[in-house]
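Coordinate inspection notes
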Amino acid sequence: MFVIGTAGHVDHGKSVLVEALTGIDPDRLREEKQRGMTIDLGFAWLTLPSGREVSIVDVPGHERFIKNMLAGAGGIDLALLVIAADESVMPQTREHLAIIDLLGVRSGVIVITKTDLADEDVIAIVATDARELVAGTTLEGAPVVPVSAVTRDGLDTLLRVLDEQLAGTETKRDIGRPRLPIDRSFTIAGMGTVVTGTLIDGALEVGQEVAVLPGDLTARIRGLQHHKEAVERALPGRRTAVNLSGVAKEDVRRGQVLALPGTIAPADAIDVRLRALASLRKPLRHAAELTLHAGAAEAPARLLLLDRDELRPGDVAWAQLRLSEPVVVVKGDRVVLRTPNDTVTGGEVVDAHPQRHRRLHEATLQSLEALAGGSSAEALAAALRRIEPGSLASLASETGRAEEELRVALDELALAGDIVRLADGFVTRGWLDALWQRARRELETQRSAHPLLDGMAREELRSKLSLQPGLFGAVLERWSGAGLIETSATSVALAREETALTPAQQQEADAYVAALAAKPYAPPTDISIAPDLLSYLERSGRVVSAAGGVVFTAEAYRDMTERIVEHARRDGSITLAQARDLFGTTRKYAQALLEHLDSTRVTRRVGDARVLRRL
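Just so we're clear, the structure is a prediction, and the values are computed from it rather than from any experiment. (Residues numbered from 1 in each chain as written. Predicted model: local features only at pLDDT ≥ 70, side-chain atom pairs only at ≥ 80, totals over all residues. Heavy atoms only, no water.)

1. What to know about the side chain of S185
Within the secondary structure, S185 sits in strand β8 (residues 184-188). Residue class for S185 comes out buried when judged on its relative accessible area of 18%. (Helix = DSSP H or I, 4+ residues; strand = E, 2+ residues; numbered from the N terminus. Buried < 20%, exposed > 50% of the residue type's maximum accessible area, 1.4 Å probe, protein only.)

2. So, the pairing of strand β29 (residues 491-494)
Burial along β29 is two-sided: S491 and A493 facing one way and V492 and L494 facing the other are all buried. Sheet topology places strand β27 (residues 456-457) next to β29; two bridges connect them, and they run antiparallel. Looking at the pairing, M456 lines up with V492 of β29. Taken together, the three bridges between strand β28 (residues 485-487) and β29 define a ladder with antiparallel strand orientation. By the bridge assignment for β29, T487 is matched with V492. Connecting the antiparallel pair β28 and β29 is a turn made up of three residues. (Pairing = 2+ DSSP bridges.)

3. Let's talk about the packing of aromatic side chains
Given two aromatic rings, their pairing is described by the distance between the two centres and the angle made by the two planes. Counted by the stated rule, this structure contains two aromatic pairs. Geometrically, the ring pair formed by Y521 and F583 is tilted, given 5.2 Å between the ring centres and 45° between the ring planes. Taken together, the residues Y521 in the loop between α14 (503-518) and α15 (531-539) and F583 in helix α17 (residues 576-583) connect sequence positions 62 residues apart. Among the residues examined, Y521 registers a relative accessible area of 23% and is labelled partly exposed. (Phe/Tyr/Trp six-rings, centres within 6.5 Å; stacked < 30°, edge-to-face > 60°.)

4. Description of a negative patch on the surface
A cluster of acidic residues, D11, D86, E87, D116 and D153, forms a negative patch on the protein surface. Take D153: it is sitting in the loop between β6 (144-146) and α6 (155-167). Given the relative accessible area of 49%, D153 is considered partly exposed. (Patch = residues over 30% accessible without salt bridge, like charges linked within 9 Å, V, L, I, M, F, W, Y side chains within 5 Å. Areas by Shrake-Rupley, 256 points an atom, 1.4 Å probe, with all protein chains shown as cover. Salt bridge = Lys/Arg side-chain N within 4 Å of Asp/Glu carboxyl O. Lys, Arg positive; Asp, Glu negative; His and termini not counted. Charge placed at Lys NZ, Arg CZ, Asp CG, Glu CD.)

5. Quick look at the layout of surface pockets
Put simply, the largest pocket is a space of about 2,000 Å³. In terms of lining residues, the largest pocket is bounded by 48 residues, among which A414, V420, R429, R478 and T600 are the most central. Considered class by class, the residues forming the lining of the largest pocket number 22 nonpolar, 12 polar and 14 charged. (1 Å grid on protein atoms, 1.4 Å probe; cavity = no way out; pocket = protein on both sides within 12 Å on 5 of 7 lines; lining within 4 Å. Points joined across faces, edges and corners; volume = space filled by probe spheres on them. Nonpolar A, V, L, I, M, F, W, Y, C, P; charged D, E, K, R; others polar.)

6. A few points about the sheet that holds strand β3 (residues 53-58)
Sheet architecture is open: six strands sit in the order β2-β3-β1-β4-β5-β6, paired in mixed fashion. With one partner strand each, in any of the chains shown, β2 (42-47) and β6 form the two edges of the open sheet. Taking each pair of neighbouring strands and ignoring which way they run, the sheet shows an average axis angle of 25°. In this structure, β2 lies alongside β3, joined through six bridges in antiparallel fashion. (Axes fitted to C-alpha atoms, helices over the stretch in contact; angles between N-to-C directions.)

7. Quick notes on the nonpolar core
If you look at the biggest cluster of nonpolar residues, it comprises 32 residues, and the most contacted ones within it are I83, I110, I112 and L139. Counting residues per element, the ones that place at least two in this core are β1 (2-8), β4 (78-84), α4 (91-102), β5 (107-113) and α5 (120-134). Ranked by the residues each element gives to this core, the list is headed by α5, at six residues. If near-sequence neighbours (up to four positions away) are discounted, L139 is found in contact with A79, L97, I100, V105, S107, G108 and V134. Counting residues in each nonpolar core, the second largest holds 28 residues, with A294, L305, L321 and V329 among its members. (Core = buried A, V, L, I, M, F, W, Y, C linked by side-chain atoms within 4.5 Å. Contact = heavy atoms within 4.5 Å.)

8. Some remarks on helix α16 (residues 554-571)
The end-to-end C-alpha separation of α16 is 26 Å, in line with the 26 Å expected for 18 residues at 1.5 Å each. Of the positions making up α16, those classed as buried are A554, A556, Y557, M560, T561, I564, V565, H567 and A568. Around the axis of α16, the buried residues are gathered within 165° of arc, so they sit on the same side. Set apart from the buried face of α16 by more than 90 degrees, the exposed residues are E555, E566 and R570. (Expected span 1.5 Å × (residues − 1). Arc of directions from axis to C-beta.)

9. Concerning the packing of helix α12 (residues 458-465) against helix α13 (residues 469-481)
It is the contact of α12 with α13, at a shortest axis distance of 11 Å, that shows an interaxial angle of 105°. Classed by the angle they form, the pair α12 and α13 counts as roughly perpendicular. Facing α12, whose interface residues are R458, L461, R462 and L465, α13 presents P469, F472, L476 and W479. Class assignment of the residues belonging to the contact of α12 with α13 gives a composition of six nonpolar, no polar and two charged. (Parallel < 35°, antiparallel > 145°, perpendicular 65-115°, else oblique.)

10. Digging into the sheet that holds strand β33 (residues 603-606)
With antiparallel pairing, the three strands of this open sheet are ordered in space as β32-β34-β33. The open sheet has two free edges, formed respectively by β32 (574-575) and β33, since each of these has just one partner strand. Contacts from helix α18 (residues 587-599) reach β32, β33 and β34 (609-612), with the element oriented near 110° to β33.

11. As for the confidence of the model for the chain
Averaged over the chain, the pLDDT score is 86; the fraction of residues at 70 or greater is 92%. In the predicted structure, residues 29-39 sits below a pLDDT of 50 and forms 22 contacts with residues beyond four places in sequence or in another chain. (pLDDT = per-residue confidence, 0-100.)

12. Observations concerning unusual backbone geometry
With an omega of -10°, the peptide bond running from L213 to P214 counts as cis. Relative to the elements of secondary structure, P214 occurs in the loop between β11 (209-213) and β12 (217-226). With phi around 70°, R152 is a residue other than glycine that occupies positive phi space. Given a relative accessible area of 49%, R152 falls into the partly exposed group.

13. Brief notes about the environment of V161
Within the element layout of this structure, V161 appears in helix α6. A sequence separation of 279 residues divides V161 from R440, and the C-alpha atoms of the two residues are 67 Å apart. What V161 contacts, discounting residues up to four positions off in sequence, is V109, P143 and V145.

14. Quick look at α5
Across its 15 residues, α5 extends 21 Å between first and last C-alpha, which sits within 8% of the 21 Å expected from 1.5 Å per residue. Listed as buried for α5 are I123, V126, A127, A130, L133 and V134. On an axial view of α5, the arc spanned by its buried residues comes to 120°, and they lie on one face. Away from its buried face by more than 90 degrees, α5 exposes D121, I125 and E132.

In C-alpha cells:
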C-alpha cells in the first residue's frame, strides 16, 4: 500500500486531477466548493492497472495554507508535482518542491495539467521548465506526463507511469511500533470519535489500547477502516481511520499521534541534521525562532546551531531544536522549519530525546555523525551510550531500526568487547568500567570507616549505585567472577588486594605467556604456573582459560573466536573437525575452545555442530 501526495501552486488543477483519476471529489469543505480552491487536506483512493491500491492526499496550493500542505506531505511515498500548462512554474510550485525535497520523498511524477488550454509548443516549454526546476532535488529525473482532466487525454499514461514509479518504491517498514500521526478528527453519529492518518512503523488491531500523544489520554480502538472498508487489523503504509472509545472529539487534535502505551515519549528537544534551502533570503542565526513541522504537528522551535554561528543558503549543519510544545517524533523522521512567510530549512531527526550539548564541541559532533550516518553497529553504540542500560526494544526505538538488524549489530559489538549483556539489557564497556570505579570507591570508603565489618550491605550498595535489582545482581556476578569482589547473601566486599608482582613472579608470568604465544593454536598444557599467578594473568587480560586446562593468549583467543564466528555466520554452523582444520590444530584444542564459547554464550551446540547464539 502506498500514499501519493499532490503538490503545486494554487489553481493548477490538483483536486480536479484527483477527481478525474479516482471519481472522488477531495474537496470536502463547503467553503472549498464555494471558493473553488482546496483549503485543507482532501483524500481519495484508486486501484492502478497492476492492481496496486493507493491512497491520495490532496493538499492546498495557496501560500496561506502551507501548514495544511505540510500536515499532509509527511507520510507520502510518491509526490505528484502538478504544474498548469497555461501558467508554468509559480511560487508555490517552488515551495512545495522544496518541502518534498526536505522531506526526502524520492519517488515522483511531474504532471503538466490543463493541456487543453495550451498548444504543443507551450506544453513542451513548460515540461522543460519543470525538468530544470527539479534538477538537484530528490525528484530529479522524474517522468513528465501531460494530461487534461477535462478531455481525459494522458490519464491512462499517468496511471501506467504511477504504477512504474511505485514498483521501485520501498514499502513502509514494520518494526512493531505502530504510530498514526493524526491529520483529521471528527465524530460520526452512533460511533463517536474518529481520527485519520497514515499508519507507520507497525500495525493496529481492533480492541487495542492506545495512547493519544502528547497528553495523558488513553483510548481503545473500537473499529478500523481503510478506504471506508472495515478491517480488523490495519497495516503500516495505509491511510487508516480509527474509531476510538473513551475520548471526546474535542480532546483529540491534528498533530497528535496514536501509539501503543509506553512505546514513544513526546519530545521537547530534538537533535537534527539540517539543510538550508538555496533560496534562503538571509542566513539563520543561532537561537533563531522558527516553526517546526513534523508529520501533522507544528510547534514553535528555537534553533540552536551546534557547529556554526549561522546557517547560510545551502549549508548543512547540526542543530538542536528546543520546542515550546512537545511533539511526537522518532529518530529518522523528517522535519521542516519555517519563518512566518517562508520555508527555510529542514532535515532528519537523529536524536528524539537528547541531552543539552556544548556548542562547537567535537566529541558531540562525532557522536551525532555516528548516530546519523554510521553503520548499524555505530548507530547502536551511540544510542546505547545515551540510554544505557538499554533493552533490545528500547534500542530499536532509539535507532529507528528493526530488531533483527540490531541483533546482528549486537553480535558484532559483543564479540569486539564493546558492549556487555547484563540481565535483560545491554551496556557499553565504558559504562561498566565507570560503574566499577563508583562501586570500588564506595567499598573502599566503607572498609576504611568500618574495617571490622564484613563489607557493605548489598542493598545499601545497590541504592548508592541506583541500579534495579536484576541488573545489580548481574553486575555483582560479573565482578565476583572477575575476582574483584567477594559476596555473601547479605554483603559485598572488595576482594583482597593484589600485591605487585615480584621480579621473579613477573619473569615467570612473561615466560609463561611467551610459551603460549609460541604455539598460539596448540599452546602447551604441561607448563607449571601457580594458580594465583594464572588468575592474575586472566584478570589483567593477558590470557584466557578455556576448557580442559587449555589456556590461550588473549590475542590468539580473539583471533580464533573471530574466525569461528565468521565461519558460522557464513555457513550457518561449524563442526569440531572444521574448527580443528581451520587452525591446523588438534581435536583437544578445538574442543576446548568451542566448549568455552558455548559457556560464554557465543555459540551453542546443535547435534555435532555449533551455531551462533542470538543475543
